[in-house]
Amino acid sequence: RNALGVEVTKVVGNRQLRKRLHVNIAHLRKSRCNEGFLKRVKDSDQKKRDAKLQGQSVSVKRQPEGPKDMKIVKATEDDVEVLAPLPFIENYF
């Protein structure tokens with residue numbers, strides 16, 4: 001076999017149509033979009049097994065990163081530049 005059927009979406013006007021194409025295998029590569037999920041499942045199952053042997057409960061849910069730690073920015077008076085609008089000058093000829 002030299003070819004593989006592939007589905008792509010094509011934008012036509014205001015909608016997406018699903019097109020089916022035959023593509024040579026030399027031009028394809030396997031999708032890696034599921035690798036992170038499978039690795040996370042494997043790790044969480046291992047954590048659950050280890051916790052069960054120790055008689056503990058473990059949370060394997062993903063947690064949001066949360067806010068970053070605070071920083072204090074120090075500056076001297078020379079480094080600070082105050083921006084102010086220019087005064088309006090009326091030109092009557």
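Residues numbered from 1 in each chain as written. Predicted model: local features only at pLDDT ≥ 70, side-chain atom pairs only at ≥ 80, totals over all residues. Heavy atoms only, no water.

### Quick word on the overall build of the protein
Within the protein, the secondary structure is distributed over one helix and two strands. The helix and strand sequence of the protein, counted from the amino end, reads β-β-α. A globule of 93 residues ought to have a C-alpha radius of gyration of about 12 Å, yet the protein, at 30 Å, is considerably larger. Dimensions along the principal axes, computed over C-alpha positions, put the protein at roughly 85 × 55 × 25 Å. Of the contacts formed within the protein by residues at least 6 apart in sequence, a portion of 5% connects residues at least 24 apart. Taken as a whole, the protein presents about 10600 Å² of accessible surface, with 53% of it coming from carbon and sulfur. Positive and negative charge centroids in the protein, built from 21 and 12 side chains respectively, lie 22 Å apart. (Helix = DSSP H or I, 4+ residues; strand = E, 2+ residues; numbered from the N terminus. Rg over C-alpha atoms; globule rule 2.2 N^0.38 Å. Contact = heavy atoms within 4.5 Å. Areas by Shrake-Rupley, 256 points an atom, 1.4 Å probe, with all protein chains shown as cover. Lys, Arg positive; Asp, Glu negative; His and termini not counted. Charge placed at Lys NZ, Arg CZ, Asp CG, Glu CD.)

### A few points about the pattern of salt bridges
Taken as a whole, this structure holds four salt bridges when the rule is applied. Here Glu7 and Arg20 are joined by a salt bridge, their closest N and O atoms 2.9 Å apart. Of the two residues, Glu7 sits in strand S1 (residues 3-12) while Arg20 sits in strand S2 (residues 15-24), which places them 13 residues apart along the sequence. Judged by its relative accessible area of 45%, Glu7 falls in the partly exposed class. When the shortest N-O distance is used, the salt bridge between Glu35 and Arg32 registers 3.2 Å. In this structure Glu35 comes out as partly exposed when scored by relative accessible area, which is 42%. A residue is classified by how much of its surface remains accessible, and Arg32, at 62% relative accessible area, is exposed. (Salt bridge = Lys/Arg side-chain N within 4 Å of Asp/Glu carboxyl O. Buried < 20%, exposed > 50% of the residue type's maximum accessible area, 1.4 Å probe, protein only.)

### Digging into the environment of Lys47
Within the secondary structure, Lys47 sits in helix H1 (residues 35-54). Between the C-alpha atom of Lys47 and that of Ser59, which follows or precedes it by twelve residues, the distance is 9.0 Å. Contacts of Lys47, omitting those with residues within four sequence positions, involve Val58 and Val60.

### Points about the environment of Thr76
As for its position among the elements, Thr76 is in the segment after H1. The partly exposed category is assigned to Thr76, whose relative accessible area is 46%. For the pair Thr76 and Arg29, spaced 47 residues apart in the sequence, the C-alpha separation amounts to 56 Å.

### Section: a nonpolar patch on the surface
Taken together, the side chains of Leu4, Ile25 and Leu28 define a hydrophobic patch exposed on the protein surface, amounting to about 250 Å² of accessible area. Along the polypeptide, Leu28 turns up in the loop between S2 and H1. The class for Leu28 is partly exposed, based on a relative accessible area of 33%. (Patch = residues over 30% accessible without salt bridge, like charges linked within 9 Å, V, L, I, M, F, W, Y side chains within 5 Å.)

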